[in-house]
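Now for the letters of each chain:
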Protein chains: 2
Amino acid sequence: MDARLQDLRYFIAVAEELSFTRAASDRLFISQPALSKQIRQLETCLWVTLFDRDRRTVTLTAAGAALLPRARRIIELWEQARQETAEASATEQAILTVGFQTRIGRGLIPAVTDRLAEDLPNWRLLFRQVPWSDPSIGLAKGEVDVAITWLPLPRDTGLSWRVIATEQRWVALPPGHRLARRNAIPFADLVDEPFIALPASAGPLREFWLAAADRPRPATVAAEAETAEETLEAVAAGLGMALLPAGNVEIYQRDDVVYRPVHGLSPGELGVAWRGPDRRDAVRVFVNSCIGCFCGPD
Amino acid sequence: MDARLQDLRYFIAVAEELSFTRAASDRLFISQPALSKQIRQLETCLWVTLFDRDRRTVTLTAAGAALLPRARRIIELWEQARQETAEASATEQAILTVGFQTRIGRGLIPAVTDRLAEDLPNWRLLFRQVPWSDPSIGLAKGEVDVAITWLPLPRDTGLSWRVIATEQRWVALPPGHRLARRNAIPFADLVDEPFIALPASAGPLREFWLAAADRPRPATVAAEAETAEETLEAVAAGLGMALLPAGNVEIYQRDDVVYRPVHGLSPGELGVAWRGPDRRDAVRVFVNSCIGCFCGPD
DNA sequence: GGGCATCCATAACCGCAGGCTATAAGAACT
DNA sequence: AGTTCTTATAGCCTGCGGTTATGGATGCCC
């Protein structure tokens, strides 16, 4: 059972005032019993108690403290959604949703934004992060219109793609690792090391970032991670190492992980993908912009 | 008037199926008229039409396309909030909300997270970005418990702080600018250039990043920006230049902006701030962790 | 072209949720 | 002990979110 957005506002008001009476009369302009009832209902809907009421004072429980910042964020996003929806309605602006998994960087976003401002003046880009567990990067479910992703994509899913950049693969190591003293590492020296892998649900990308094709025997998978941050956290903790594209080294710079180039591996290919049957102009222009960014002026 | 979260689910279902009948019977298990009525109500609540119904087919309007990804995000956050609230309730985990304005970087987050895992095992950190327009970084309104911010803070607002790092100020320029050929630039050479400023509502930080104290006459403000990305966008577009701390150069690397050190300016101070009267252990430990990260092992 | 199927809108109806007022009950302070 | 402040409970009513039944427009098929 879902709550109403209003209930979240009620909750926030009580959490900030730490008083049902004051929140009800001063901020929400409803009666105190009504507010008590709604909060109680929110609590039963979430199966937790949000406030400790000891007859005189009200305090947040751990659950309440956990919900508060998230409730604020949801309300904030809702306000934003209302506003931008009204705006889109007024200007008839269309939205192209771009999926990505790890941070893109490489100056791609501003460059593409600029190009699209010329070619598709009333389209706006909206970026949406998709977990590795969706190998179609949200394209299959229609959550995004186009996606920036590392190849390969799963086959026979009706997805089309073009390569927009090619980069050597590097490896992420904990700073104390013996191999971290080397400037560059042949992949042969890594085949017996434990690796942090993408989840199995990530499809062919899991094999690619384990470099399964270049191994004499299956990789030792020390842990699986759902996000890039999780992966690096695991690397920093010394659980294992992980491959990543050269361009991400700069993006994910941190002082508890070091990065070294690996040779003897085929490079990684960054691509732009879309649903094959989707022949909209905006999609075509977006794809061409992505390609032009790297194959053009450089 | 607020919608219910359920209405957003209804909207998403119709937007994905592009059919009221199918969405109602196959996915939502309600009657089609009920669904039509709810969508209509959502439309009147937002003052826009979300779907074009031409008697036979249903298509998204521009407003609908704008709302769709945002509605998905809100639902996603809600699911997450439910889950993490339940989790916090089960483990009695407490939450310390950390406010920030620009990206923090510098390895601070993982380092502090590690230290807190030892000293406060059942506290978790939650990060929350706050716009420049709030000079108290959300502390005043209670939106955050502690904040990582550049100094100075506004005076007489009951905020306490400690310095955790000191960095030279650099300047961001468009790559074609005549000063971009220099390796380092005396601030005296910049006083007559147009600058991108923080909004007036940002309080004393606006003056600090304009280096108002080091100018013989008031700065020329070419534009105001609400976020770091907006600032760099304006710099890339050639509207003006902007100062930033040395450590942010790496974080905000992009190929349409170049960064150069500036000499003749006092350095910027990165601080950790909290509400003076807030004497909770967790706050004290967090503050000490931040300080220790830079003044400790390095 | 007429009949049929499909799909959305409208109408009429019903039960419960969300609001109200009035009041009870516990805690702290005088 | 009495006063005051605060939350909880009880009972009531309106309106909203659901239902079924039906109408009207469009496309398809024979």
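Per-chain numbering applies: the sequence of each chain, read as written, is numbered from 1 onward. Whichever chain is written first is A, and whichever ligand is written first is 1; the rest continue in order. The predicted nature of this model means local features are confined to residues of pLDDT at least 70 and side-chain atom pairs, given and counted, to a pLDDT of 80 or more, with totals for whole chains, interfaces and linings taken over all residues. Where side-chain values are given, they derive from all heavy atoms of the structure, hydrogens and water being excluded.

Caption draft 1: Main features of the environment of A200(B). Residue and element names in this part refer to chain B. In this text, helices come from DSSP runs of H or I with a minimum length of four residues, and strands from runs of E with a minimum of two, each type numbered from the N-terminal end. Relative to the helices and strands, A200 resides in the loop between strand 9 (194-197) and helix 6 (204-210). Residues A200 and E224, 24 residues apart in the sequence, show an inter-C-alpha distance of 8.5 Å. Between two residues, a contact is recorded if the distance between any of their heavy atoms is within 4.5 Å. A200 has contacts with R206 and E224, leaving out every residue within four places of it along the chain.

Caption draft 2: Looking closely at the protein's contact with DNA strand C. One heavy atom within 4 Å of a molecule or strand makes the whole residue count as near it. What surrounds DNA strand C is a group of 22 residues, the closest being S31(A), K37(A), Q41(A), T21(B) and R56(B). A share of 65% is what sugar and phosphate atoms reach among the atoms of DNA strand C within 4 Å of the protein. S31(A) is positioned such that a nitrogen or oxygen atom in its backbone is 2.7 Å from a phosphate oxygen of DNA strand C. Here a polar contact is taken to be a pair of N or O atoms separated by no more than 3.5 Å, where protein atoms must pair a possible hydrogen donor with a possible acceptor and residues adjacent in sequence count only if both atoms sit in side chains. K37(A) places a side-chain nitrogen or oxygen 2.7 Å from a base oxygen of DNA strand C. Per-element accounting of the surface near DNA strand C gives the leading share, five residues, to helix 3 (residues 32-46) of chain A.

Caption draft 3: Structural view of the protein's contact with DNA strand D. Around DNA strand D sit 23 residues, and of these T21(A), R56(A), S31(B), K37(B) and Q41(B) come closest. Sugar and phosphate atoms form 65% of the subset of DNA strand D atoms that lie within 4 Å of the protein. F20(A) places a main-chain nitrogen or oxygen 2.9 Å from a phosphate oxygen of DNA strand D. Contacts to DNA strand D include R40(A), whose side-chain N or O atom sits 2.9 Å from a phosphate oxygen. Within the residue set of the surface near DNA strand D, elements represented by two or more residues are helix 2 (20-28) and helix 3 of chain A together with helix 1 (5-17) and helix 3 (32-46) of chain B. Classifying every residue of the surface near DNA strand D gives seven nonpolar, eight polar and eight charged. Note on residue categories: nonpolar means Ala, Val, Leu, Ile, Met, Phe, Trp, Tyr, Cys or Pro, charged means Asp, Glu, Lys or Arg, and polar means any other residue, Gly included.

Caption draft 4: Representation of the interface of chain B and chain A within the structure. Taken together, the contact pairs 53 residues of chain B with 54 residues of chain A. Buried area, as used here, totals the accessible surface that two parts lose on assembly, with accessibility defined by a 1.4 Å probe and the loss added over both. Here chain B packs against chain A, burying approximately 4500 Å² in sum over the two surfaces, 59% of which is carbon and sulfur. A per-residue breakdown of the area chain B buries against chain A is headed by D2(B), R70(B) and W78(B), which together make up 15% of the total. Should a side-chain nitrogen of Lys or Arg be within 4 Å of a carboxyl oxygen of Asp or Glu, the pair is scored as a salt bridge. Across the chain B-chain A interface, the total number found is eight salt bridges. Between R82(A) and D2(B) there is a salt bridge, and its shortest N-O distance comes to 3.7 Å. Residue assignment for the side of chain B that touches chain A shows that the elements contributing at least two residues are helix 1, helix 3, helix 4 (62-91), strand 3 (94-100) and strand 4 (123-129) of chain B. If you tally residues by element for the side of chain B that touches chain A, the top one is helix 4 of chain B, at 20 residues. Tallied by class, residues from the side of chain B that touches chain A come to 24 nonpolar, eight polar and 21 charged.

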